Each structure stands twice: as structure tokens, then as C-alpha cells.
Amino acid sequence: MTSPGMDAASVFLFFTPTALSPILAVALIAFSVLLMFPGGLAWALAKTHGRSDIPGPPGVIASAFCGPCAHRELRSLARSLKAVDLMAFSVGFTRFVVSSHPDTAKDILCSSAFADRPIKESAYELLFHRAMGFAPFGDYWKTLRRISSTYLFSPRRIASSCEQRRAIGKKMVADIHVRMKKHGGVEMRQVLHFGSLNNVMMSVFGKSYDDFGEGGGFELESLVKEGYALLSVFNWSDYFPFLRWLDLQGVRRRCRSLVKRVDAFVGQLIEQHRNNRTNGKAMDDAGDFVDVLLGLEAEEKLSEADMVAVLWVSSSLDLILNICPVGNNHFDRRYMYQEMIFRGTDTVAILLEWILARMVLHPDIQSKAHREIDSVVGKSRPVGDTDIARLPYLQSIIKESLRMHPPGPLLSWARLATHDVQVGPHIVPAGTTAMVNMWAIAHDESIWENPQEFRPERFAEEDVSVLGSDLRLAPFGAGRRVCPGKAMGLATVHLWLALLLQNFEFAPAADPDHAVDLSERLKMSLEMEKPLVCAAVSRT
Ligand code: HEM
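Residues numbered from 1 in each chain as written. Predicted model: local features only at pLDDT ≥ 70, side-chain atom pairs only at ≥ 80, totals over all residues. Heavy atoms only, no water.

No other protein atom reaches the iron atom of the ligand as a donor apart from Cys483 (SG), found 2.3 Å away. In this structure, cysteine 483 sits in the loop between helix H21 (458–461) and helix H22 (486–503). (Donors = N, O, S within 2.8 Å, 3.2 Å for Na, K, Ca; no water. Helix = DSSP H or I, 4+ residues; strand = E, 2+ residues; numbered from the N terminus.)

What follows concerns the pattern of salt bridges. Between side chains of opposite charge, a pair can form as their charged atoms come close. If you walk through the whole model with that rule in mind, you get 19 salt bridges. Salt-bridge contacts for arginine 79 lead to glutamate 445; the nearest nitrogen and oxygen are separated by 2.8 Å. Here the residue arginine 79 occupies a position in helix H4 (residues 70–80), and glutamate 445 occupies one in the loop between helix H20 (438–442) and H21, the gap between them amounting to 366 residues. Residue glutamate 400 is joined to arginine 403 by a salt bridge in which the shortest nitrogen-to-oxygen separation is 2.9 Å. Taken as a pair, glutamate 400 and arginine 403 lie in helix H19 (residues 392–404) at a separation of three residues, close to a single helical turn. A single salt-bridge network, built from bridges that share partners, covers Arg381, Asp387 and Arg390. (Salt bridge = Lys/Arg side-chain N within 4 Å of Asp/Glu carboxyl O.)

Inspection of the secondary structure assignment puts aspartate 175 in helix H9 (residues 162–183). By relative accessible area, which is 22% here, aspartate 175 ends up partly exposed. Between the alpha carbons of aspartate 175 and glycine 195 there is a distance of 9.9 Å; along the sequence they are 20 residues apart. (Buried < 20%, exposed > 50% of the residue type's maximum accessible area, 1.4 Å probe, protein only.)

Below, the discussion takes up the packing of aromatic side chains. Any pair of aromatic rings gets described here by the distance separating the centres and the angle formed by the planes. All told, the structure shown has 11 aromatic pairs when counted by the stated rule. Taking the centre distance of 5.1 Å and the plane angle of 50° together, the rings of phenylalanine 137 and tryptophan 141 count as tilted. The class for phenylalanine 137 is partly exposed, based on a relative accessible area of 32%. Looking at tryptophan 141, the relative accessible area reads 5%, which means it is buried. The rings of Phe89, Phe93, Phe96, Phe234, Trp236, Tyr239, Phe240 and Phe242 are connected pair by pair, giving a single aromatic cluster. (Phe/Tyr/Trp six-rings, centres within 6.5 Å; stacked < 30°, edge-to-face > 60°.)

With that out of the way, let us pick up the confidence of the model for the protein. Atom-level detail of predicted coordinates should not be read off regions where pLDDT is low. In this model, the protein carries an average pLDDT of 80, and 77% of its residues clear a pLDDT of 70 or more. Counting interchain partners and residues more than four positions distant, the pLDDT-below-50 stretch residues 298–338 has 86 contacts. Scoring of the predicted complex yields 0.83 for pTM and 0.99 for ipTM. (pLDDT = per-residue confidence, 0-100. Contact = heavy atoms within 4.5 Å.)

Taking 1.5 Å per residue, 13 residues should reach 18 Å; H19 reaches 18 Å between its end C-alpha atoms and fits that length. Residues Tyr393, Leu394, Ser396, Ile397, Ile398, Lys399, Glu400, Ser401, Leu402, Arg403 and Met404 constitute the buried set of H19. (Expected span 1.5 Å × (residues − 1).)

Close contact between H19 and H22 brings their axes to 10 Å; oriented N to C, the two are set at 120°. Taken together, the axes of H19 and H22 lie oblique to each other. Crossing hand, H19 versus H22: right-handed. Across the interface between the two elements, Leu394, Gln395, Ile397, Ile398 and Leu402 from H19 touch Leu490, Val493, His494, Leu497, Ala498 and Leu501 from H22. Residue composition of the contact of H19 with H22, grouped by class: nine nonpolar, two polar and no charged. (Axes fitted to C-alpha atoms, helices over the stretch in contact; angles between N-to-C directions. Parallel < 35°, antiparallel > 145°, perpendicular 65-115°, else oblique. Left-handed = near helix turned anticlockwise from the far one by under 90°. Nonpolar A, V, L, I, M, F, W, Y, C, P; charged D, E, K, R; others polar.)

Feature annotation in UniProt places "binding site: heme" (unreviewed entry) on Cys483, given in this structure's numbering. With a relative accessible area of 25%, cysteine 483 lands in the partly exposed category. (UniProt positions renumbered as here; feature names shortened; annotations may be inferred.)

Before going further, it helps to examine the sheet that holds strand E2 (residues 94–99). In spatial order, the strands read E1-E2-E7-E4; together these four strands make up an open sheet with mixed pairing. Only two strands of the sheet have a single neighbouring strand rather than two, namely strand E1 (87–91) and strand E4 (415–416). Where E2 lies against strand E7 (residues 433–436), four bridges are found, and the strand directions are parallel. The partner of valine 98 across the bridge, within E7, is methionine 435. Of the strands in this sheet, E2, E4 and E7 touch helix H5 (residues 102–109), which is tilted by about 135° from E7. (Pairing = 2+ DSSP bridges.)

Glancing now at the environment of proline 475. By secondary structure assignment, the location of proline 475 is in the loop between H21 and H22. Sequence spacing of proline 475 and aspartate 263 is 212 residues, and the spatial spacing of their C-alpha atoms is 32 Å. Filtering out sequence-adjacent residues up to four positions away, proline 475 remains in contact with Leu402, Leu411, Met438 and Val466.

A separate point is the sheet that holds strand E8 (residues 504–508). The antiparallel open sheet is built from three strands, whose spatial order is E3-E11-E8. Across the chains shown, the open sheet's two edge strands, defined by having one partner strand only, are strand E3 (186–187) and E8. Strand direction decides the pairing type here: E8 and strand E11 (residues 533–538), joined by five bridges, are antiparallel. For phenylalanine 504, the partnering residue across the bridge sits in E11 and is serine 538. Packed on one face of the sheet, H9 meets E3, E8 and E11 and runs near 105° to E11.

Pasting the structure below:
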């Protein structure tokens, strides 16, 4: 903009370096002052007008947030700034707080003010905002939770899927035997990931990888991998909104092309199920989630008055296409399928890989678990879900692994403050993204004795629930948005670990290059940086 009296020459003069320097200098000083604010740029610009008392590093990006060991770096930063209970930091223009203490963790996870989630561009583009994990807190989200807890994660459903999980576990055992014969060692990640993917595929689509035939299983796996990669990308436009239109990292372009492939793939499966139902085949095949959703109307009429009302509103016989709980928020089956596949496969396989690495490193602990399984179950029949309650040491091994290697050290998905709220002695303004550093809490020496030591026995001395009631160890989160798949996930991990230990003794690989390395890499979940390769010696 120029003033009416300004000609082109005076405009030019106005922007000469001499004229600009005082303006630039003032701007730079102002910017530097903002950057020096505790918690950094985004906190300086917050409506608290400089009144925030939450300690935190200055700057525009907490570099600790971006690394492959963000949970470790955030803990060091919080300790050095005496901000264990709550630390503020900025990533671009986004305000963050992170809790590394059970009390403030509870304030965040269990408060209704934090029942929302911030959503990354990739998650939005992949339609996750229509799925349970990222849907805003409200009626639509509640409907999704109700459907999943009634049909997917109910105790009856978990019990009835035991045979499927056992069959997949037995296939993993056979696969390990073959790999051992061939190579003399096994890269466990491949076996576990494949078993886990198969389990989710069976639960959701009623088909295993092989049933999908040539190309089908491969396509699904590549969809999952691409989605996982996109969700894990540190996307600059999430934190610097003015960069969004440039799509510098190509995240939006890749997401859109992935969504097209997912639509085609899943759409075809639903069509197949619908045809089966029309031909009357679904009666003997009512076990998978597509059928559950397709058959929801009838089941809801029997058990869930709420759902009947929802159906009534939608006035449709085909629930999947027409659940309409609020306004025009149409429930779309694709979102739920995508989410179950993404969430279900990685966490279980990743946790089992860590546990087996621990078994290789601690033969004494492994032997104790072997003795327990041998005395309770023996070797003549495979372990089943009902045996797990009588295997307390195995349960302790899993708890200790969740403590030392939580798949979501920062609880994977953050929370968003919907209004100003008190956390500990601090006020956190609306719009702040809140995280809990569960890894830091689970490694805090003021909470856990010798936290660096892998010692399952600690849970025999004091039983700590991992399900979200005790914030000293809440690897599945807590409160309204606690993991709905926790019982299913735990049932799978227990059964498969028991089956693997019943059949094998896990020992170091013969090749010294494959010594167990516990280095971590935080992607969407906390993975072993170097995949576990070990020898699986048959016990049968
Ligand atoms: C060892 C296994 C697992 C771990 C450690 C784990 C961990 C978590 C964590 C930390 C959260 C965030 C909770 C919060 O914000 O308080 C979460 C949410 C979620 N998990 Fe899991 N999870 C596991 C298995 C599963 C499985 C097997 C499924 C489904 C098949 C699943 C589905 C979900 C979904 C849909 C959410 C979002 C819930 C919402 O926002 O309402 N998880 N999980």
C-alpha cells in the first residue's frame, strides 16, 4: 500500500537498505524477544500475554521433539529445567505441554478438557478425522466407541476370537521352524508383523493374507506401510500453517493417492461381503467386522436401544452406509477399517519383538517362564486364552516390557485442550497440545526402584494395573480416550508369547553381527532400531 502522495520513486526509496535497516532491526529484536520467552515463540504469542508460568525452553522449535528418541530428549530437557510436572515448548506456531509426572498426567488424560485430539495434515488427508482415534470429542466419536466396544472388543468377542489367534500363533511357530532350518536364525519382526497383520485381516475382513490371493495381501500390506509412513512423517506444514499450500514434502499428494487405493481395495471387499449376505452365506460367516457392521441393525435391535434409534433416523437397512447419529455426520465404514488395520498391527508386533529381545538377553527370566508354562500347561497341547490367568510370571514379563519399552512412549496420539484448564498448579490455555511422557514416568527412579533393570518380579511384589487406573504405568493411556483395543491387544500378546515360549528357547544368533541391540527409534510407535535376529531352539 502506498500513500496517495507517493510516486514510484519514493516507494523505491522507502525500501532502500538504509531505510529498511531500522525497521528490520526493530522487527528482529522483537522476534528475538519472542523467541526468548519460556516455552518459545508459540507461548509468547499465546493469549496468556506473557503470564504463563509453565517453564520451558525458548525458541521456535524444541529440537528434542523431532528426533528418533524424542521421549528421552524431552525427559532430559524437563529435568534440566525442573519442569518434570509440566513443561511448555513450541513447535512452530503450535503450543505444547508435556507431563512427565503421574499427577499431571492424570490431570491431562482424565480431564474432559483434553478429550479432543490435534490432527496432523496427513491424518486428516487419510480421513482419520472420521475415525475414532482422531474424531473430535462428541456424539459421532461416542457412537464409534460404542460400536467398537460392543462388537469388536467386548469380552465375548475377544473370547470367541481365541481360536483364530491360536491358529495364527501356530502358523508363526511353523514359520519359525522353517526359517530356522533354512537360515539357522530368524528375523523375528517379519514373522510377528505378518502374524499380526493376518490377525487384524481375519478380524476385520474374515480373510487371511493368503486368502486374498495373488496381489491382494501384498496390496493391503503396502497400503498399511504407506499410511504408516505418512502418519510418521514430521510434516513442517503442521507447525507452520503458512507453508501448507506448498506441500513441500509431498505429504498431501501421497495421502490423496493412497486414499484412492484404499477406497478401491476396501470398497471391493465390502461389495463381496454384501453379495455373500445377499446369497445367504453370511450366516455361517458372521465373525468378521465387515459382517458385524453389515449386520448391525439386527443385533442392535436385540441389545442396544441407542443404536436402534440411530438406525431409525437413518431409515436404512444398510447400517454401514447410513448411521447418522448427529446432523449430517455420516458414518463411513472405510474409516473404521483403516483405523483398526493401522492401530492393530504395529503395536502388538512391536511389543512382542521387544519382549523376545529381553528373553534372549535374560536367559534366567526366560527359563522361569518356561518352567511356569511347562508346569501349568505342559507340552502336549498348545496354550489357550484360559491358561493365561494361571501364568502370573508371564503376565509380569509383559508388564515389565510395557514399562521399559512402551509402544507409545509419548502415548502416540496427543490431546488438545478445548478450553483453558488447570494442570497441576498451572493454567493451560485452550488450543494447547498436551502430551504425556509415559516413558519418562515409567523410568523415574523416584517412582520405580532401579528403573533401568528388567525385573518382572517387581510386579509380584506390587501388582500395578496397566489398564489406565494407575498413572505410574499407563501404556494404553487413560480416561475417555484410553485405548479401546487394550484387552484385545493384551490377549493377543499373552497368547502368542506363551505359544512361542512353549515351543522355543530364544537364544543369541550365531552371527555376532546380530547381537541384540536395544537402541530405539520412535516412529509412530517405539521400535527396535535394529530388528531382532535370534536363534529359536525347538523345545518340543
Ligand atoms: C500393545 C498394544 C497397544 C498399545 C500399547 C496401545 C496404546 C494406545 C494408546 C497409548 C492410545 C492413546 C490413549 C490415550 O489418548 O489416552 C491408544 C488409542 C487407540 N488404540 Fe491402542 N494400543 C494397542 C493396541 C490396540 C489395538 C489392538 C487396537 C485395535 C485393533 C487399538 C486401537 C486404538 C484406537 C482406535 C485408539 C484411539 C481411541 C480414541 O481416541 O478414542 N489399539 N492406543
